[in-house]
Amino acid sequence: MAFPGTYDFKYYRGDRHEFILRPTDSNGATYNLNTFNGASFTIANKRGSGSTKYTAQAVINLLSNTITCTILPSVGKQLSSGNYVYEIQVNGDASTVITLLTGTISVTDSITGVA
């Protein structure tokens, strides 16, 4: 995968939504996550400055060399129906940030409503 990759998905407001990212380099080899201190999963109403941002979970598993990305209901309840953008990044030292994945999230409101 050339970074950042793109993945667009649909999300049902207020639900738990989870997916696993298995990053590979441009040759298809597993990307080594051991050199990074953490990961972030940021959702926003638009790209750039002045956007409203929401923080979802991104957890690195060094044994499986994966990142588990989760929108918890507490975060999902803050999203109204419509389209959002997101990015998943890993960070090392202060000068090393790599965006692994980006895309759009189409949010559908629930029938019963989410408080």
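Here is what the cut-offs are and how they apply
Residues numbered from 1 in each chain as written. Predicted model: local features only at pLDDT ≥ 70, side-chain atom pairs only at ≥ 80, totals over all residues. Heavy atoms only, no water. Helix = DSSP H or I, 4+ residues; strand = E, 2+ residues; numbered from the N terminus. Contact = heavy atoms within 4.5 Å. Areas by Shrake-Rupley, 256 points an atom, 1.4 Å probe, with all protein chains shown as cover. Lys, Arg positive; Asp, Glu negative; His and termini not counted. Charge placed at Lys NZ, Arg CZ, Asp CG, Glu CD. Phe/Tyr/Trp six-rings, centres within 6.5 Å; stacked < 30°, edge-to-face > 60°. Buried < 20%, exposed > 50% of the residue type's maximum accessible area, 1.4 Å probe, protein only. Pairing = 2+ DSSP bridges. Salt bridge = Lys/Arg side-chain N within 4 Å of Asp/Glu carboxyl O. Polar contact = N/O pair within 3.5 Å; in protein donor to acceptor, adjacent residues only side chain to side chain.

Chemist: Just checking my understanding: could you explain the overall build of the protein chain for this structure?
Modeler: Each helix and strand counted, the protein chain has one helix and eight strands in total. Going from N to C terminus, the protein chain has its helices and strands arranged as β-β-β-β-β-β-α-β-β. Excluding contacts between residues fewer than 6 apart, the proportion of contacts in the protein chain whose partners are at least 24 apart in sequence is 65%. Carbon together with sulfur atoms contributes 49% to the accessible area of the protein chain, which is approximately 6500 Å² in total. Mean positive and mean negative side-chain charge positions of the protein chain (8 and 7 charges, respectively) differ by 7 Å.

Chemist: So what exactly am I meant to see when it comes to the packing of aromatic side chains here?
Modeler: Between two aromatic rings, the relevant description is the distance of the centres plus the angle of the planes. Inspection of the entire model under this criterion finds eight aromatic pairs. Between the aromatic rings of Tyr 7 and Phe 9, the centroid separation amounts to 5.4 Å while the plane-to-plane angle is 25°, which identifies the pairing as stacked. The exposure class of Tyr 7 is partly exposed, given its relative accessible area of 35%. Both rings, one in Tyr 31 and one in Phe 36, keep their centres 6.1 Å apart while their planes meet at 25°; by these two values the pair is stacked. Like Phe 36, Tyr 31 is buried. Members of the aromatic cluster, connected to one another through ring pairs, are Tyr 7, Phe 9, Phe 19, Phe 41 and Tyr 86.

Chemist: What is the right way to read the pairing of strand 8 (residues 97-108) from this model?
Modeler: Each regular strand carries side chains that alternate between the two faces of the sheet. Two strands pair when backbone bridges link them, and strand 1 (residues 5-6) and strand 8 are joined in this way by two bridges, in the parallel orientation. Residue pairing across strands places Thr 6 opposite Thr 102, the latter belonging to strand 8. Pairing analysis gives ten bridges linking strand 7 (residues 82-91) to strand 8, with the strands arranged antiparallel. Its bridge partner being in strand 8, Glu 87 is matched across the sheet by Thr 102. Between strand 7 and the antiparallel strand that follows it, strand 8, lie five residues.

Chemist: What exactly am I supposed to notice about unusual backbone geometry here?
Modeler: Among all residues save glycine, negative phi is the norm, and among peptide bonds the norm is trans. Although it is not a glycine, Asn 65 sits at a positive phi angle of roughly 55°. With respect to the element layout, Asn 65 can be found in the loop between strand 5 (53-61) and strand 6 (66-71).

Chemist: What is the right way to look at the pattern of salt bridges in this model?
Modeler: Any two side chains of opposite charge can pair, on the condition that their charged atoms come close. All chains considered together, the criterion is met by two salt bridges. The residue Asp 109 makes a salt bridge to Arg 13 at a minimum N-O spacing of 3.3 Å. Linking Asp 109 in the segment after strand 8 with Arg 13 in the loop between strand 2 (9-12) and strand 3 (17-21), this pair joins segments that are 96 residues apart in sequence. Across the pair Glu 18 and Arg 16 runs a salt bridge, and its minimum N-O distance is 2.9 Å. Given a relative accessible area of 51%, Arg 16 falls into the exposed group.

Chemist: Looking at this structure, how should I read the pairing of strand 7?
Modeler: Pairing geometry for strand 4 (residues 38-44) and strand 7, over seven bridges, is antiparallel. Among the inter-strand pairings, Gly 38 is bridged to a residue of strand 7, identified as Asn 91.

Chemist: Could you clarify how one ought to interpret the side chain of Thr 66 in this entry?
Modeler: Note that Thr 66 resides in strand 6. At 2.7 Å, the side chain of Thr 66 and the side chain of Ser 64 are in polar contact. For Thr 66, the residues in contact, after removing those within four places along its chain, are Ile 20, Leu 21, Arg 22, Leu 33, Val 59, Ile 60 and Asn 61.

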